[in-house]
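The lines below spell out each chain.
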Amino acid sequence: MKNFKNLLFAALFLMAATVIGQTKISGTIVDETNEGLPGASVVIKGTTNGTETDFNGKFMLTASTESGTIVVSYLGFKTMEFAFTSAGDLGNIKLKEDGNILEEVVLRGIVDIAKDRQTPVAKSTIKAAEIQDRLGSQEFPELLNNTPSVYATKSGGGFGDARITIRGFAQENIAVLINGVPVNDMENGRVYWSNWAGLADVTTAMQVQRGLGSSKLAISSVGGTINIVTKTTDLKEGGSIVSSVGNDGYFKNLASYNTGKNENGFAASFLMSRTAGNGYVDGTKFEGFNYFIGLGWDKGDHNFQFMLTGAPQTHNQRTTSFFNMADIGDYLKYGKKYNYNHGYLNGEEFNWRQNFYHKPITSFNWSWDINETSSLTTSAYVSFGRGGGTGDIGRMGGNFASSSRFRNPDTGLVEWDEIVKANSGLGGNFSSGYSYTNPADPSTGLQIVNDDELRDSDMPNGLERRNGMIRRASVNSHNWVGVLSNYSTEINDNLTFDVGIDLRSYTGLHYRRVDNLLGADGYRDNDDINNPLNVQSTEYSSDLAQQWNVFRSTEDEQKIAYNNDGKVRWAGAFSQLEYVSDDISAFVQVGVSQQGFKRIDYFNYLDSDPERETGWENFVGGNLKGGVNWNIDENHNVFVNMGDYSKQPFIDAVFLNNQNIVNSNPRNEKVAGFELGYGYTSEKFKANLNVYRTEWKDRFKSVGYTDGDIRGTADLQGIKQLHTGVELDFTYDITDNFRFLGMASVGDWEYAGNVSGTAFDQDLQAVGTVDLYLDGVKVGNSAQTTARLGFDWEVTDNFKIDYSHRYAAKLYADINTADFDSVDNDGSLQLPSYFLGDVGMSYKFDFRDNSDLKLRLNINNVGNTEYISESLTNNFVEPGDDSYQGINTNNKAFFGFGTTWNFTVRYNF
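One structure accompanies this document, and this report is about it.

Scoring rules and cut-offs
- Residues numbered from 1 in each chain as written.
- Predicted model: local features only at pLDDT ≥ 70, side-chain atom pairs only at ≥ 80, totals over all residues.
- Heavy atoms only, no water.
- Core = buried A, V, L, I, M, F, W, Y, C linked by side-chain atoms within 4.5 Å.
- Buried < 20%, exposed > 50% of the residue type's maximum accessible area, 1.4 Å probe, protein only.
- Helix = DSSP H or I, 4+ residues; strand = E, 2+ residues; numbered from the N terminus.
- Contact = heavy atoms within 4.5 Å.
- Pairing = 2+ DSSP bridges.
- Axes fitted to C-alpha atoms, helices over the stretch in contact; angles between N-to-C directions.
- Salt bridge = Lys/Arg side-chain N within 4 Å of Asp/Glu carboxyl O.

**Things to note about the nonpolar core**
Inside soluble globular proteins, nonpolar side chains tend to come together where they are buried.
Consideration 1: Core analysis: the biggest nonpolar cluster contains 30 residues, and F140, L144, I164, M206, I226 and I228 have the highest contact counts within it.
Consideration 2: Broken down by secondary-structure element, the contributors of at least two residues to this core are β9 (150–153), β10 (163–166), β11 (174–178), α3 (199–202), β13 (203–210) and β14 (224–230).
Consideration 3: Apart from the residues lying within four places of it in its own chain, the contact partners of F140 are I131, L135, W193, L199, A200, T203, M206 and I228.
Consideration 4: Ranked by size, the runner-up nonpolar core spans 23 residues in total, among them A783, A808, A813 and I868.

**Regarding the sheet that holds strand β7 (residues 88–94)**
In a beta sheet, neighbouring strands pair by backbone hydrogen bonds and run either parallel or antiparallel.
Consideration 1: Ordered by their spatial adjacency, three strands build an open sheet running β4-β1-β7, and the pairing between neighbours is mixed. With partners counted over all chains shown, the strands left at the sheet margins are β4 (58–63) and β7, one partner each. For this sheet the average axis-to-axis angle between neighbouring strands, irrespective of direction, equals 25°.
Consideration 2: With six bridges joining them, strand β1 (residues 23–30) and β4 adopt antiparallel strand pairing. Residue pairing across strands places G27 opposite F59, the latter belonging to β4.

**Concerning the pattern of salt bridges**
Consideration 1: Under the definition given, this model contains 36 salt bridges.
Consideration 2: When the shortest N-O distance is used, the salt bridge between D248 and K337 registers 3.9 Å. A residue pair is termed long-range when its members are at least 10 positions apart, and D248 in the loop between β15 (238–246) and β16 (251–258) and K337 in the loop between α4 (328–334) and β21 (342–345) qualify at 89 residues.
Consideration 3: On the basis of relative accessibility, which here comes to 29%, the residue D248 falls in the partly exposed class.
Consideration 4: We note a salt bridge from K684 to D736, for which the minimum N-O separation is 3.5 Å. With K684 in the loop between β39 (669–681) and β40 (685–707) and D736 in the loop between β41 (710–735) and β42 (738–752), this residue pair connects regions lying 52 residues apart in the sequence.
Consideration 5: By relative accessible area, K684 is classed as partly exposed at 34%.
Consideration 6: Within this structure, E130, R134, D792, D802 and R856 form a network of salt bridges that share partners.

And the structure:
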């Protein structure tokens, strides 16, 4: 007993001595505008004892000595040291932005991140901590919905099928950069977010610059620029293990590890994740992986970084194709999650539309600090994208796959088993009362589905030509290499001059192949002039397992319908002169580029025909832009920017009607932008107000033409749009623990003038004239008025709640050709406005070894609001028409998602 008392006394003494010897220090890491920096690293110098700040920038740390030094680092800011001499709150610890912002991302000089009260552009920045907390199971672009003039939706609702508009301009007119590298498709400018499904896992910061932006590259940022900065190897040692669950079978696992920089300057980062689920929308099952490898070597004046990241995935879709899209009446009958392309084959989910893709990108970056005033940064990158999307081809008994004959009238589901029976000759009997049997080829005894464009005279043995349908895959693969290089020199304390080059080479591989014969023995295709009436019987799987190998040859694949390559080469040069002082900052940028296009058509021309391959069609474009910011005092600043773009056409405006037919009068599109802004910054309140005007002339648009069974395409030139508006965003720290946030934007976006063109069928026969009477018509597919109010509340040091309430109004339907073919059209259909509320809660457990466990719950559309997010058509209510909230139920549209939820457990070590 005595020994026990002695041991107890000794233990208590040691504990007391340990406690007495410990020093608890706390504080808040802020930027130069006093905004908290979440996720900043705080480490006691000379030790491994450290922590990270919470989403308000606060930290608490226990030191073993009464005095010492903490080292604070954060991406885009200079690493700084601060001394402490006793326990207590150190108050606000202000970090200074790095002269070359985001220097830790080695691409300094290439990544153009706008700075507060310096860069004269309108922008919003989302940091890694907010991305980790609030993304949940949302799509990546949806994070930007809380910023002015941004409208992002899930579109059809498939995994990665989200779309985003900025100031009313669609994705193909928004420049998306990853570590300064442009990733918009070089043929059509589009960004397919499903190709970047794992991007949020590796993003350090994301900034949207509305308007012309500050990127030095000669790129077409008509609506804005989205800069995404991925993980750098300059991270402290540690990692994360994450598991996340959500509605409709959503499940995600992630593991990451960073070695930290060793004494030789080497560092490495690794990440792997898997995401799968059934999808909120019926029949949108998905599965995807994401991987990231980063290797770095910091050798003083030289810094080398290697990065490899990719996200192979497959997902079923609900498409925006006019002929394969439900109308509002269908949703009212079958439910808001209804999918027009969905059904069951042998008891398993099956869909006409499935997207499959793998687009890894590899980059090698070298930064050289030549001397104290000059640096050179170079990035070389390569991407081999492989994949595409499936759909229907053929007609069964003369009926397209979109016909209601092939759907159960009680459920709306595609009756796949009956289609298989019909194709295989067993006879398909559909619930609609329709029945069909594909006759066998008498010479072979096989059930061959014929190309629906075949003529009766083409048919062997007098067979029926429109006798079935299969699932085909449209493959859109590419090989892409590029080099970016930027030289920067400080002329004096205020002036910096940059000059650089942007070189790219791209080959797009476009063809169709058989994906699933659906019971048939083969598919007879007549589109290859070098191999007419050939029968293809090989099925090529679009399953995820087939997507990993991007180096597999595609030359030996049997191709149908079309087969062509689109080649693009780009040579650009850019320069910038920037002036920065305490009160005035200004920049002038000049960029010029030559973009060349070539097309090789393997189907429409004989192998011996010299017209099979076109020459290079070259176009010169560029931009001139500049801006000035004036910091009137510590609280007030104003800025102005303006610029002009001459934007080269996309490839479909150069070669018309999917043929090697060169447009006789291709035009560069002209863009002129102006913006005026005001900012107010104080310790508690921060606000930005700006107005803008963007004029876009000589737009090209390819539109579909339909007249009964006749289908064609018309190429229209000379479209003009005018976009004006005003934007406001603010934050107000009511207390140290409660922040109030808000934004509002009001736009006026419309077309000016009318256009017309001739429609041609696939045989280049003129089939009609398309007239679009667009003068004064509102631009669709984007809410022209948006607003948001929300708060971030730190209830305790470990428990936090955030809420956001959004408003979208003046949302118009897309421009559908048939709706604007007369001068007395009714204009754009305005959809009902709506409010949505999102709530998030997180709790963090801190452990003695500086690891932590974080629980996060996100609930989106917490009120389960029912709303229409977009419409493809502009059908107004006429007498006798059924309506929903004043909207004709014949409109092809999508309802937005109801309530969704996601719960995440994250262990950081």
